[in-house]
Amino acid sequence: MDLPHDVSSDAFRVSDRRARPSPEALSWAVSSLGDGGKLVSVRPLVGGISSAVHGLVVEDRRGGRSRVVMRRWLEPETESLVKREAAALTGLAATGIPAPALVAADPSGDNAGCPALLMEWLPGQVDLAPRDPQRWLGALAHVGAQIHEAQIEVPPYEDGINLSGLASNSFAWSTRPDAWKHARGLLSGETAPSNDVFLHADFQHFNALWSRRQLSGIVDWTFAAIGPRELDTGRCRLNLAVLFSVDWAETFRHAYEAEAGVALDPWWELRSLASYGPDWPSFIPLQVGDRARVDVAGMHARVDALLMSILQRM
């Protein structure tokens, strides 16, 4: 789980994310599942830099056990994020999209001690080394198109994409500085028209769960919004290039366009790509953990190549 906006490796310390939730937060979680339950286990879940996420096992009076996920925001002014994710999960329950069911939400943090959300535990895990990339990318494209067809009431997208990567005059980290300067000029002009849809707003492989090689869940709906679909597909393609290759990013694009029956607008994908900056190699390994090898040295070059592929379509 990660932030689709201004992301920094210092934004959320690993120790904070993995620290055991407070007794107050755990009491709220257990009571949300009904009277008389008792906590069996608590464990931090891997990945994520925007919130603390823990898996809980709670046993009821009859000995039955429930597995749930508790997500806590430890920074100020996050009440609206809890409300947004709760609204998204509530709406998603009526669709065929594999998203966790909402169990409880405490946007104000009055009961949990901080803004918190409790949701259904979904089977599966993040797969960052798929055996069949073509099938894996096709499944991502399919669920992405499903998400964009959903009719769910959430706030409009707030353009918080961090353009710090475009702020440099030299682009010393890139082998294509002139291309980045050209991109900056394109994005500083008139905004391209868009056909707004329901967005996950952080759609990428880090937020997809897989079980027995089947996509079993899409998680982290904190920033769900209404906006241009390319903000989802563009972010997914950026992260595919960051971790894998431009070929994977292009395969996803073609699969998505076939699923959705639309051609993706390269201007909006360029807008999403603009969130990339020289600090990405420092925090991507935090999200990956020990689940895959990260070619940090080649990351900038792969993103440069993705930039060129987008510019060629404009």
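(A) Focus on helix H4 (residues 133–149). For H4, with 17 residues, the first-to-last C-alpha span of 25 Å sits near the 24 Å given by 1.5 Å per residue. Taken residue by residue, H4 has Trp136, Leu137, Leu140, Ala141, Val143, Gly144, Ala145, Ile147 and His148 as its buried positions. Contacts made by the buried residues of H4 are with strand S6 (196–199), strand S7 (208–211), strand S8 (214–218), helix H7 (230–243) and helix H8 (246–260).

(B) Molecular detail of the side chain of Glu85. Relative to the assigned elements, Glu85 resides in helix H3 (residues 79–92). Relative accessible area serves as the criterion here: at 0%, Glu85 is assigned to the buried category. Ignoring sequence-local partners within four residues, the contact set of Glu85 consists of Arg71, Trp73, Leu117, Met119, Asp220, Trp221 and Thr222.

(C) Up close: the nonpolar core. By size, the foremost hydrophobic cluster in this structure holds 82 residues, and its most contacted members are Phe198, Trp221, Phe252, Leu273 and Ile284. Residues contacting Ile284, with those up to four places away along its chain left out, are Phe206, Asn239, Val242, Val294 and Met299. Counting twelve residues, the second largest nonpolar core, distinct from the first, contains Leu26, Trp28, Met70 and Ala116.

(D) Fine view of the pattern of salt bridges. Summed over all chains, the structure comprises 13 salt bridges. The shortest N-O distance in the salt bridge between Asp202 and Arg235 comes to 2.7 Å. Of this pair, Asp202 sits in the loop between S6 and S7 while Arg235 sits in helix H7, and the two are 33 residues apart along the sequence. Of the residues examined, Asp202 reaches a relative accessible area of 0% and is grouped as buried. Residue Arg235 is classed as buried on the basis of its relative accessible area of 3%. For Arg237, the salt bridge goes to Glu269, with nearest N and O atoms at 3.0 Å. Separated by 32 residues along the polypeptide, Arg237 in helix H7 and Glu269 in helix H9 (residues 266–273) bring together distant segments of the chain. The pair Arg237 / Glu269 is uniform in exposure class, with both members buried.

(E) Inspection of the sheet that holds strand S5 (residues 116–120) at higher detail. Strands sit in the order S1-S2-S3-S5-S4 across an open sheet of five strands; the sheet is antiparallel. The strands lining the two open edges of the sheet, one partner per strand, are strand S1 (38–44) and strand S4 (102–106). Strand after strand, the sheet turns through a mean of 20 degrees between neighbouring axes, direction not considered. Sheet topology note: the S4/S5 ladder contains four bridges and is antiparallel. Across the sheet, residue Ala105 finds its bridge partner in S5, namely Leu117. Of the strands in this sheet, strand S3 (65–72), S4 and S5 are in contact with H3, which crosses S5 at around 20 degrees.

(F) Fine view of the environment of Val42. Mapped onto the fold, Val42 is located in strand S1. Put simply, Val42 and Val288 are 246 residues apart on the chain and 21 Å apart in space, counted from C-alpha to C-alpha.

(G) Structural view of the pairing of strand S2 (residues 52–59). The element S2 is extensively covered by neighbouring structure, given that eight of its eight residues are classed as buried. The two faces of S2 match: Ala52, His54, Leu56 and Val58 on one face and Val53, Gly55, Val57 and Glu59 on the other face are all buried. Direction of pairing for S1 relative to S2: antiparallel, over a ladder of six bridges. Its bridge partner lying in S2, Arg43 is registered against Gly55. Bridging between S2 and S3 involves eight bridges; their strand directions are antiparallel. Among the inter-strand pairings, Ala52 is bridged to a residue of S3, identified as Arg72. Hairpin connection from S2 to S3: five residues lie between these consecutive antiparallel strands, with Gly63 at a positive phi of about 95 degrees.

(H) Region of interest: the side chain of Ser309. Residue placement: Ser309 occurs in helix H11 (residues 299–311). Apart from the residues lying within four places of it in its own chain, the contact partners of Ser309 are Arg237, Val246 and Glu250.

(I) Expanded view of the packing of H7 against H9. It is at 8 Å that the axes of H7 and H9 come closest, and there the two elements cross at 55 degrees. Taken together, the axis directions place H7 and H9 in an arrangement best described as oblique. Between H7 and H9 the crossing geometry is right-handed. Counting all contacts with H7, which are made through Glu230, Leu231, Thr233, Gly234, Arg235, Arg237 and Leu238, the residues of H9 involved are Trp268, Glu269, Ser272 and Leu273.

(J) Representation of the packing of H8 against H11 within the structure. One way to put it is that H8 packs onto H11 with a least axis distance of 9 Å and a crossing angle of 40 degrees. With respect to their mutual orientation, H8 and H11 come out oblique. Contact with H8, carried on its side by Val246, Ala249 and Glu250, involves Arg302, Ala305, Leu306 and Ser309 of H11 and no other residues of that element. Partitioned by chemical class, the residues of the contact of H8 with H11 number four nonpolar, one polar and two charged.

Calculation criteria
Residues numbered from 1 in each chain as written. Predicted model: local features only at pLDDT ≥ 70, side-chain atom pairs only at ≥ 80, totals over all residues. Heavy atoms only, no water. Helix = DSSP H or I, 4+ residues; strand = E, 2+ residues; numbered from the N terminus. Expected span 1.5 Å × (residues − 1). Buried < 20%, exposed > 50% of the residue type's maximum accessible area, 1.4 Å probe, protein only. Contact = heavy atoms within 4.5 Å. Core = buried A, V, L, I, M, F, W, Y, C linked by side-chain atoms within 4.5 Å. Salt bridge = Lys/Arg side-chain N within 4 Å of Asp/Glu carboxyl O. Pairing = 2+ DSSP bridges. Axes fitted to C-alpha atoms, helices over the stretch in contact; angles between N-to-C directions. Parallel < 35°, antiparallel > 145°, perpendicular 65-115°, else oblique. Left-handed = near helix turned anticlockwise from the far one by under 90°. Nonpolar A, V, L, I, M, F, W, Y, C, P; charged D, E, K, R; others polar.

Distances and angles like these do not, on their own, reveal function.
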